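Commentary on secondary and tertiary structure
This is what each chain is made of:
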Amino acid sequence: PPPPPSPPRPPPPPSPRCTHRRQRQMCIRDSPNAKLSGDNIINYSAKETRRVDMTVGVAYDADLSKVKHVLNDIIGKESRIHADPAPQVAVAELADRSVNFVVRVWTNTADYWGVKFDITETIKNRFDEEGIGIPFPQRDIHIVSGTAA
């Protein structure tokens, strides 16, 4: 008979020079203690609420008041978004290829990714329904015929 499978390897022993952290992907990540003590550590789960920040680009020929209305309508229909602090929708940037809106809403930390993913999908679908264009990178090539001098 074949030998029994070997047991899983235990995590490495603690070291004064290294910290072992279990990642969400179920792997263990080693970080030198000097890096941990010298860098800022951001704990996203420390608070009960968290702000979802999104940038939404629209075509330059889009009706900005219509875009703002649609974004506010989407936010208003999402029950996981908190009313206080109030959601924010504003023109943030006139970029190279798009007019960029910032969408900032607050939700429970546990709902963060669900809200972000669902709002993103809803924005795309509503913009399609409303005829609001989302620009994408493209390049125009002009061909000039003739002979070189």
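Residues numbered from 1 in each chain as written. Predicted model: local features only at pLDDT ≥ 70, side-chain atom pairs only at ≥ 80, totals over all residues. Heavy atoms only, no water.

Let's shift gears to the packing of helix α2 (residues 64-77) against helix α3 (residues 112-130). One way to put it is that α2 packs onto α3 with a least axis distance of 10 Å and a crossing angle of 135°. Relative to α3, α2 is oriented oblique. The handedness of the crossing between α2 and α3 is right-handed. Together, Lys-66, Val-67, Val-70, Leu-71, Asp-73, Ile-74 and Lys-77 of α2 and Ile-119, Thr-122, Ile-123, Arg-126, Phe-127 and Glu-130 of α3 make up the contact between the two elements. Across the contact of α2 with α3, the residue classes break down as 7 nonpolar, 1 polar and 5 charged. (Axes fitted to C-alpha atoms, helices over the stretch in contact; angles between N-to-C directions. Helix = DSSP H or I, 4+ residues; strand = E, 2+ residues; numbered from the N terminus. Parallel < 35°, antiparallel > 145°, perpendicular 65-115°, else oblique. Left-handed = near helix turned anticlockwise from the far one by under 90°. Contact = heavy atoms within 4.5 Å. Nonpolar A, V, L, I, M, F, W, Y, C, P; charged D, E, K, R; others polar.)

Its place among the elements puts Gly-57 in strand β3 (residues 49-58). When the C-alpha atoms of Gly-57 and Phe-101 are compared, they prove to be 6.2 Å apart, with 44 residues separating the residues in sequence. Beyond its immediate stretch of four places on either side in the chain, Gly-57 contacts Ser-98, Val-99, Asn-100, Gly-133, Ile-134 and Pro-135.

Of note, the amide linkage connecting Asp-84 to Pro-85 takes the cis form, showing an omega dihedral of 0°. Following the sequence through the fold, Pro-85 ends up in the loop between α2 and β4 (88-94).

One open sheet accounts for 3 strands, arranged β3-β5-β4; its pairing is antiparallel. Two strands close off the open sheet at either side, each with one partner strand: β3 and β4. Strand-to-strand twist across the sheet, computed as the mean angle between neighbouring axes with direction ignored, equals 25°. The pairing of β3 with strand β5 (residues 99-108) spans 10 bridges and is antiparallel. Bridging from a neighbouring strand, Val-52 pairs with Val-105 of β5. The sheet strands contacting α2 are β3, β4 and β5, and the helix crosses β5 at an angle near 15°. (Pairing = 2+ DSSP bridges.)

For α3, spanning 19 residues, the distance from its first C-alpha to its last is 26 Å, which sits close to the expected 27 Å at 1.5 Å a residue. Along α3, the residues that are buried comprise Tyr-112, Val-115, Ile-119, Ile-123, Arg-126 and Phe-127. Summarising the axial view, the buried residues of α3 lie within an arc of 100°, below the 170-degree limit, and thus occupy one face. Opposite the buried face of α3, by more than 90 degrees, sit the exposed residues Phe-117, Glu-121 and Glu-129. One or two positions beyond α3, positive phi appears at Gly-131, with a value near 75°. (Expected span 1.5 Å × (residues − 1). Buried < 20%, exposed > 50% of the residue type's maximum accessible area, 1.4 Å probe, protein only. Arc of directions from axis to C-beta.)

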